[in-house]
Amino acid sequence: MNPFSLTPDASTYKGDVHFHTTDSDGRDTPDAMLDRLSACGFDFCCIADHDQVCVPGERRGVLVLQGQEASAGTGHIVVLASSLVREPGWTTVEQLDAFGASGGMTILSHPKIREFTSSREVSYGPTRLLEELAGHYDGIEVYTHNVGSGLRLAIDRLDMLWSAAALPWGAHAERTSGPVWAFASSDAHDTDHIDEGVGIMVWSEGLSESELLKAIRAGAFYVLASTKARFSELLIAGRTLSATASEAVVIRVIGVGGNAVSAVAGDGKAPLRLAYTIRGDEGYLRVEAVDVNGQCAYSNPIMVG
Ligand SMILES: [Zn+2]
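Source: prediction; values computed, not measured.

## A short note on the overall build of the protein
Next, step 1: The helix and strand inventory of the protein stands at 5 helices and 20 strands.
Next, step 2: Relative to the 2.2 N^0.38 estimate, which gives 19 Å for 305 residues, the radius of gyration of the protein is 18 Å and therefore close to what a compact globule would have.
Next, step 3: With the C-alpha coordinates aligned to their principal axes, the bounding extent of the protein is approximately 50 × 45 × 35 Å.
Next, step 4: Residues counted as buried form 50% of the 305 residues belonging to the protein.

Structure representation (C-alpha cells):
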C-alpha cells in the first residue's frame, strides 16, 4: 500500500479524527456530534476529548476509533489507537514516545496555534518539528477548521518537513525516521464546527478500526481543507502519476520546496485529469486539487528518486 494507490474502484471512507464534546470542553454531547457527523457523510471519527480516551465502536451510524487529544501545556497531540493517558510530568518527546511504544499513532495538533503570541511554546514551529521532535511523531494537521485553533493552513510545514528529508544535503535528513503524514480535522467544539468538506478520505479494504488504521499508517489517504474537490484516482504506475478529481478547477503536482512541477486546469464541471511523467529528481511529490473557491484537497507526499 502506498499513498498513490487510489484506483477508481477503491473504497474511500471519510473521517474526522479531532473534535471535542461535553466530556471535555466541547459544547455539544457526544451523541449530538456523532449525529452531525453522520448527517455530513462521515464514516468514522475519533472523539478527541482532552486527555480522555474515547470508547471505540460503532455509535449512531459512525465508527468511532479509539483516541484522545493529549493536552499538555507544551503542545497538543491527537493520539489514535492507544489507551495510554499522559503523565503530567512528561516532556513532549516523552509523551510521543510513550504513545508510540503503546501502539499509538501521534498527530501534532494545529501546528501554528498562537504562533504570533507570547505563548508560542505550544506551537510546533520549524525548530521543534525539525529538531526537538523529529522522528517522534507520525503526522501534523495541515488544516484545522475551527477558528479557535489559530492559523488554519500549515501545508507549508509539511513541505518543509518533506523537503528537509528529501534534500541530500539537508542537515536534518538523518534525523527524520519515517514519513510524516498530513491530516485535516475540524477540532470542532460544537456541531456547527463540523463541515462535510473537512477531514480525511481514506482508501481502505473495509470500514473497520484495524483496516482504517492500517491504511492511515501507510498514508493511504488525502485531506479535505474545507473543499468540494474529491480525488477519484491517485495512482503511480511505473513512471506515471495519474490524478483525477471532481469539483476541481486545477490539479497541481507539487515537488520539493513546495514548488509546482505540473498543473492542469478545467471548468470544474467534468472530472479533471492529470498525467505526469516522473523525472526522478523532484525529491517528493504530492497532489493538490483546487475547487472553484480556491480550497484544496491535498494528497499525502511520496518520495521519488
Ligand atoms: Zn482540540
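## Some details on the pairing of strand E7 (residues 75–80)
Next, step 1: Of all 6 residues in E7, 6 are buried, a share of seventy percent or more.
Next, step 2: Residue alternation in E7 divides its side chains into two sets, Gly-75, Ile-77 and Val-79 and His-76, Val-78 and Leu-80, and both sets are buried.
Next, step 3: Of the pairings in the sheet, the one linking strand E6 (residues 67–72) to E7 comprises 6 bridges and is antiparallel in character. Across the sheet, residue Gln-68 finds its bridge partner in E7, namely Val-79.
Next, step 4: Linking two consecutive strands that pair antiparallel, namely E6 and E7, is a turn of 2 residues.
Next, step 5: Direction of pairing for E7 relative to strand E8 (residues 105–108): antiparallel, over a ladder of 4 bridges. Pairing of Val-79 across the sheet is with Thr-106, part of E8.

## Comments concerning the nonpolar core
Next, step 1: Ranked by size, the top nonpolar core spans 86 residues in total, and within it Ile-140, Val-142, Phe-183, Val-223, Ala-289 and Ala-297 carry the most contacts.
Next, step 2: Ranked by residue count, the leading element in this core is helix H4 (residues 155–166), at 6 residues.
Next, step 3: Of the domains in this structure, domain 1 (12–226) and domain 2 (227–305) are the two that each give at least three residues to this core.
Next, step 4: Aside from chain neighbours lying at most four places away, what touches Val-142 is Leu-153, Ala-154, Ile-155, Arg-157, Leu-158, Ala-182, Phe-183, Ala-184, Val-223 and Tyr-298.

## A closer look at the domain arrangement of the protein
Next, step 1: Once the domains are mapped, the protein shows domain 1 (12–226) and domain 2 (227–305).
Next, step 2: Summarising the inter-unit geometry, the C-alpha centres of domain 1 and domain 2 are found 23 Å apart.
Next, step 3: Of the residues lining the interface, 18 residues belong to domain 1; the matching set on domain 2 comes to 17 residues.
Next, step 4: Sorting the residues of the side of domain 1 that touches domain 2 by element identifies H4, strand E10 (181–185) and strand E12 (221–225) as the ones contributing at least two each.
Next, step 5: It is H4 that contributes the most residues to the side of domain 1 that touches domain 2, 6 residues altogether.
Next, step 6: Looking at the side of domain 1 that touches domain 2, its residues break down into 12 nonpolar, 4 polar and 2 charged.

## Describing the pairing of strand E17 (residues 272–277)
Next, step 1: Residues of E17 alternate between two faces, with Leu-272, Leu-274 and Tyr-276 buried on one and Arg-273, Ala-275 and Thr-277 left unburied on the opposite face.
Next, step 2: Direction of pairing for strand E14 (residues 240–246) relative to E17: antiparallel, over a ladder of 6 bridges. Counterpart to Ala-243 in the pairing with E17 is Leu-274.

## A closer look at the sheet that holds E10
Next, step 1: Taken in spatial order, the 5 strands line up as E6-E7-E8-E9-E10 in an open sheet, and their pairing is mixed. Of all the strands in the sheet, the pair left with one neighbour each is E6 and E10. Across the sheet, the mean angle from the axis of one strand to that of its neighbour is 35 degrees, orientation sign disregarded.
Next, step 2: Of the strands in this sheet, E6, E7 and E8 touch helix H2 (residues 92–101), which is tilted by about 0 degrees from E7.

## A few points about the sheet that holds E14
Next, step 1: Reading across from one edge, E1-E13-E14-E17 is the order of the 4 strands in this open sheet, with antiparallel pairing throughout. Both edges of this open sheet fall to strand E1 (5–6) and E17, since each of them pairs with a single strand only.

Quick notes on the rules
- Residues numbered from 1 in each chain as written.
- Predicted model: local features only at pLDDT ≥ 70, side-chain atom pairs only at ≥ 80, totals over all residues.
- Helix = DSSP H or I, 4+ residues; strand = E, 2+ residues; numbered from the N terminus.
- Rg over C-alpha atoms; globule rule 2.2 N^0.38 Å.
- Buried ≥ 20, exposed ≤ 12 C-beta atoms within 10 Å, placed from the backbone.
- Pairing = 2+ DSSP bridges.
- Core = buried A, V, L, I, M, F, W, Y, C linked by C-beta atoms within 7 Å.
- Domains from an automatic or database assignment.
- Contact = placed C-beta atoms within 7 Å.
- Nonpolar A, V, L, I, M, F, W, Y, C, P; charged D, E, K, R; others polar.
- Axes fitted to C-alpha atoms, helices over the stretch in contact; angles between N-to-C directions.

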